[in-house]
Amino acid sequence: MRFILALFLGLSGLFNPLSAFAESADVEAMIEGVDEDKLTLTLDDGKKYQAPEEFNFDGLKKGVKVVVFYTETDGKRVINDLQVVE
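Computed from a prediction, not measured in an experiment: that's the story for all the values here.

Chemist: How would you sum up the overall build of the chain? Please name residues and give values.
Modeler: For the chain, the count of helices and strands is two helices and five strands. Expressed as a percentage of the 86 residues in the chain, the buried residues total 29%. Once local pairs closer than 6 in sequence are excluded, the contacts in the chain between residues at least 24 apart make up 47%. Split by element, the accessible area of the chain, about 5900 Å² in all, is 53% carbon and sulfur.

Rendered as structure tokens:
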């Protein structure tokens with residue numbers, strides 16, 4: 001599933017070339033909240049991260065440590081990839 005998500009995000013860069021040049025960043029933090037209806041994750045850094053529509057929230061809940069790779073677009077932190085830290 002993560003491969004499909006990564007593939008989708010890579011292809012979206014082809015359709016929106018300006019976003020492909022946006023600076024990507026990452027953060028390692030604990031999940032404070034998950035809102036599947038709004039497609040957002042809230043981390044213990046106090047920030048909200050927007051997930052794409054096809055995002056799989058399985059296994060993501062409060063207290064899970066993750067590394068989120070994101071791009072800031074229009075003032076939103078959009079998730080490019082996410083890895084659970086074990």
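Chemist: Which residues make up the nonpolar core, and what values go with them?
Modeler: Formed by 17 residues in total, the largest nonpolar core has its most connected members in L43, L60, V66, V68, I79 and L82. Breaking this core down by element, the ones donating at least two residues are β1 (24-35), β2 (40-43), β4 (65-73) and β5 (76-84). If near-sequence neighbours (up to four positions away) are discounted, V68 is found in contact with A25, D26, V27, L43, Y49, I79, D81 and L82.

Chemist: I'd like a rundown of the side chain of T71, residues and numbers included.
Modeler: Inspection of the secondary structure assignment puts T71 in strand β4. Overall, T71 belongs to the buried group, its relative accessible area being 9%. Only 2.6 Å separates the side chain of T71 from the side chain of N80, close enough to count as a polar contact.

Chemist: Now, about the side chain of T40: what can you tell me, with residues and values included?
Modeler: On the secondary structure map, T40 appears in strand β2. On the basis of relative accessible area, T40 is assigned to the buried category, the value being 11%. Beyond its immediate stretch of four places on either side in the chain, T40 contacts G33, V34, D35, Y49, Q50 and F57.

Thresholds, definitions, all that
Residues numbered from 1 in each chain as written. Predicted model: local features only at pLDDT ≥ 70, side-chain atom pairs only at ≥ 80, totals over all residues. Heavy atoms only, no water. Helix = DSSP H or I, 4+ residues; strand = E, 2+ residues; numbered from the N terminus. Buried < 20%, exposed > 50% of the residue type's maximum accessible area, 1.4 Å probe, protein only. Contact = heavy atoms within 4.5 Å. Areas by Shrake-Rupley, 256 points an atom, 1.4 Å probe, with all protein chains shown as cover. Core = buried A, V, L, I, M, F, W, Y, C linked by side-chain atoms within 4.5 Å. Polar contact = N/O pair within 3.5 Å; in protein donor to acceptor, adjacent residues only side chain to side chain.

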